[in-house]
Amino acid sequence: MHALDIQNVSFSYDGKTNILENLNLTLHEGELICLLGVSGGGKTTLFNVIAGLNRPQTGKVLLGGEDITGQSGKISYMLQKDMLLPFRTVEDNVALPLIIKGMKKKLARQKVGGHFKAFGIDGTQKRYPAELSGGMRQRAALLRTYMFGGSVALLDEPFSALDTLTKSEMHRWYLDVMDEIKLSTIFITHDVDEAILLSDRICLLRGRPGSITDEIVITEPKPRRRDFNLTEEFLQYKKQIISKLQ
Amino acid sequence: MKEKLRSTINKVLPPLAALLLIFLAWYCICAFGSVPKYMLPSPGDVLAAFQKDWQLMLSHARVTLAETFIGLFFGILTGFLMAVIMDKISLVRKMLYPLIVISQTIPTIAIAPLLVIWLGYQMLPKIILIVLVVFFPIAISLLEGFASVDADTVNLMRTMGASDIQIFRYVKLPNSLGQFFSSLKISVSYAVVSAVVSEWIGGTEGLGCYMTRVRKSFSSDKMFAVIILISVLSLLLIWLTHIIQHACMPWDKINQKRRNQ
């Protein structure tokens, strides 16, 4: 079964110029798709449509076969910035999706507490976000996204704000941890290396109005080799994508 | 810890020294100058006035403080409700916001006699005056706090399925607490002053009435004493607000420390 189906979606903010036109995309269960494209190409707009923040003029968004077009609160969404609330402790930030669903605070804390170790942020429960490093904050934000419990997650450039070293550390961690969770994920990036390294399939969002023009399947099995990004295959993928983006 | 102590000393010492110098100058003028006592009592006279009248002053202070607290309570409540309604319904904001701002140009001392004519010499007109003074900074600061919420954060809350009330409770309200407390500190001292001013106009109890009486009998020493008492009360209330703020916003200290680094 498909985790998510985006069918013929067109969207414009003003009713005249389409940002997205007849966009189709299918996400399989447990799959990780990278959405690659230039800045301002409509990637975040597409995410807002999928998350129900923007209602498309035409087309449908189906979650596990159910029509959720224009409905928010169904899909886990992580925005570009970590968006941790500065006035809540890390555990209370992470527990927020559960609390919003009506869970008692104490129980929600207990429930999220079990995941802190796997996400590499054990010991930060009672800290405030300002006390954490960028990488740690991003992990906390990812855990919060995961705690939302949706079957599909949208991640909008989750690692773009991190420095190169932290970023590659996060990639390794992501491949180890998030891959085990088998969350069906769409991931926005404009880092080609990141896209090849993490995804099962890369979709190029191009043109004005934007639509999916190409798909590249990364056949390298998961879990991936540590040195995958140094191999000849990796370079071939990179060449292929760059030539298509030009 | 040592560092903290040093920075506290650095902050406290200079104004304390200045204050001492002022007192010294004041003392010298009274001791060696030819200023009559009814115009400028010496620090010693003021202290003596305190010693003599402190029980009476405290009983008046109790009334003034009661008015202050009741006025503050209703002022904060009105300001809060006003801010919530104006935040929620933009038509109400458009209608009321300019009026509220303009209304602030009316000096309180000018409305006080009117309130006495309408509502009598009891506590009510005094409380109303304090409410009028307090609600404005509270309403405006809360409204700005609510409006300054990051739009992306609100969107994120929506994707989690949060209702308007949940967004208010988990994001907007805590987000505006800092601004709320800054304006509360101003409001608190305004409230004390307003209570005193309204007691000048009419009434039988309160520090303002006491002030009027000692002024009429040219007891400048008592006048000075009561002015100092009013300042001390205001300071204590501001300090109390500060304590409450720290208790309500434990994250503030940490975030501030990060900012300073």
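(A) The domain arrangement of chain A, seen in detail. All names here are of chain A. Domain parsing of chain A yields domain 1 (2-75 + 152-245) and domain 2 (86-149). For domain 1 versus domain 2, the separation of C-alpha centres amounts to 25 Å. Contacts between the two partners involve 16 residues from domain 1 and, on the opposite side, eleven residues from domain 2. Counting the surface lost from both domain 1 and domain 2, the interface buries some 1,100 Å², and carbon and sulfur atoms represent 77% of this. The largest contributions to the domain 1 side of the interface with domain 2 come from M170, W173 and I181, which together make up 38% of the buried area. For the pair domain 1 and domain 2, the interface holds one salt bridge. Measuring nitrogen to oxygen at the nearest pair gives 3.2 Å for the salt bridge that ties E169 to R139. Viewed at the interface, domain 2 and domain 1 are joined by three residue pairs in polar contact (both at pLDDT 80 or more). Among the elements that make up the side of domain 1 that touches domain 2, the one with the highest residue count is helix α6 (residues 164-181) (eight residues).

(B) Summary view of helix α1 (residues 2-32) of chain B. Between the first and last C-alpha of α1(B) there are 43 Å, a value that for 31 residues agrees with the 45 Å anticipated at 1.5 Å per step. Its maximal kink placed at L13(B), α1(B) deviates by approximately 25°, while the proline P14(B) follows within four residues.

(C) Quick peek at the environment of K182(A). Looking at the element boundaries, K182(A) is found in the loop between α6 and β8 (184-189). As for K182(A) and V152(A), which are separated by 30 residues in sequence, their C-alpha atoms are 10.0 Å apart.

(D) How the structure looks around the packing of aromatic side chains. Residue and element names in this part refer to chain A. All told, the structure shown has 15 aromatic pairs over all chains when counted by the stated rule. Ring centres of F119 and W173 lie 5.5 Å apart, and the angle between their planes is 65°; this geometry places the pair in the edge-to-face category. Of this pair, F119 sits in the loop between α4 (105-113) and α5 (134-147) while W173 is found in helix α6, placing the two residues 54 residues apart along the sequence. Comparing F119 with W173 shows no difference in burial state: the two are buried. Through a chain of ring-to-ring contacts, three or more aromatic side chains come together here, namely F119, Y146 and W173. Over the aromatic face of F148 sits the side chain of K101, whose NZ or CZ is 4.5 Å from the ring centroid. Taking the ring centre of W173 as reference, the NZ or CZ of R139 above it sits at 4.9 Å.

(E) Region of the structure containing the nonpolar core. Ranked by size, the top nonpolar core spans 122 residues in total, and within it L4(A), I50(A) and I202(A) carry the most contacts. Here the element with the most residues in this core is helix α7 (residues 164-201) of chain B; it accounts for twelve residues. Three or more residues apiece are contributed to this core by two domains, here domain 1 (2-75 + 152-245) and domain 2 (86-149) of chain A. Residues contacting I202(A), with those up to four places away along its chain left out, are C34(A), L36(A), A195(A), I196(A), D214(A), E215(A), I216(A), I218(A) and I241(A).

Cut-offs used in this document
Residues numbered from 1 in each chain as written. Chains lettered and ligands numbered in written order. Predicted model: local features only at pLDDT ≥ 70, side-chain atom pairs only at ≥ 80, totals over all residues. Heavy atoms only, no water. Domains from an automatic or database assignment. Contact = heavy atoms within 4.5 Å. Buried area = accessible area lost by both parts, 1.4 Å probe. Salt bridge = Lys/Arg side-chain N within 4 Å of Asp/Glu carboxyl O. Polar contact = N/O pair within 3.5 Å; in protein donor to acceptor, adjacent residues only side chain to side chain. Helix = DSSP H or I, 4+ residues; strand = E, 2+ residues; numbered from the N terminus. Expected span 1.5 Å × (residues − 1). Bend = angle between axes of the 7 residues up to and from the residue. Phe/Tyr/Trp six-rings, centres within 6.5 Å; stacked < 30°, edge-to-face > 60°. Buried < 20%, exposed > 50% of the residue type's maximum accessible area, 1.4 Å probe, protein only. Lys NZ or Arg CZ within 6 Å of the ring centre and 35° of its normal. Core = buried A, V, L, I, M, F, W, Y, C linked by side-chain atoms within 4.5 Å.

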